[in-house]
Amino acid sequence: MPPASQPACYFIISIAKMDSGKSIRFLFILALWLCLCYLLVTRARQIDFMVVFSIVASGIIVFVPLYKRYYKNKE
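This section reports on the structure supplied with the text. No experiment lies behind these values; they were computed from the predicted model shown. Residues take numbers from 1 onward in each chain, read along the sequence in its written order. Owing to the predicted nature of the model, reporting of local features is limited to residues with pLDDT of at least 70; listing and counting of side-chain atom pairs is limited to 80 or more, with chain, interface and lining totals taken over all residues. Hydrogens and water molecules were not included; the side-chain quantities draw on all heavy atoms of the structure.

1. Some words on helix 3 (residues 49–70)
So, step 1. Only DSSP runs of H or I with at least four residues qualify as helices, and only runs of E with at least two residues qualify as strands; both kinds are numbered from the N terminus onward. A helix is expected to reach a length of 1.5 Å times the quantity of its residues less one. Spanning 22 residues, helix 3 covers 31 Å between terminal C-alpha atoms, matching the ideal 32 Å at 1.5 Å per step.
So, step 2. The axis of helix 3 is deflected most strongly, by about 25°, at F63, and proline P65 appears within four residues downstream.
So, step 3. Type-normalised accessible area, obtained with a 1.4 Å probe on protein chains alone, sets the label of each residue: buried when under 20%, exposed when over 50%, and partly exposed for intermediate values. Listed as buried for helix 3 are V51, G59, F63, L66 and Y70. The reported bend at a residue is simply the angle between two axes, fitted to the 7 residues ending at it and to the 7 residues beginning with it.

In structure tokens form, the structure reads like this:
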């Protein structure tokens, strides 16, 4: 985990350091997740707790295993 003094773009910089296959795979999953979140927000009648919770929960479900697979194993 990066120290708190490093900028927030540390995650994006670390994606750029990955080999091309991993970074393309990660960016594709990120783009797909963003599209699905966009559809959820635009189709919802109102933005309430359940919409925000679904976005946060889906982000955790999608990106925590990716983080563990690609970044945690390097250390």
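2. Some points on the packing of aromatic side chains
What describes a pair of aromatic rings is the distance from one ring centre to the other and the angle between the planes of the rings.
So, step 1. Aromatic rings from Phe, Tyr and Trp, taking only the six-membered ring of Trp, are treated as a pair when their centres fall within 6.5 Å; an angle between ring planes under 30 degrees marks them as stacked, one over 60 as edge-to-face, and anything in between as tilted. Summed over all chains, the structure comprises three aromatic pairs.
So, step 2. Ring centres 5.2 Å apart and planes at 85° place the aromatic pair W33 and F63 in the edge-to-face group. Here the residue W33 occupies a position in helix 2 (residues 20–43), and F63 occupies one in helix 3, the gap between them amounting to 30 residues. Taken as a pair, W33 and F63 share a single burial class, namely buried.
So, step 3. With 5.8 Å between their ring centres and 25° between their planes, F49 and F53 make a pair best called stacked. Here F53 and F49 lie together in helix 3, a separation of four residues that amounts to about one turn.
So, step 4. By the ring-pair criterion, three or more aromatic residues cluster together here, those being F26, W33 and F63.

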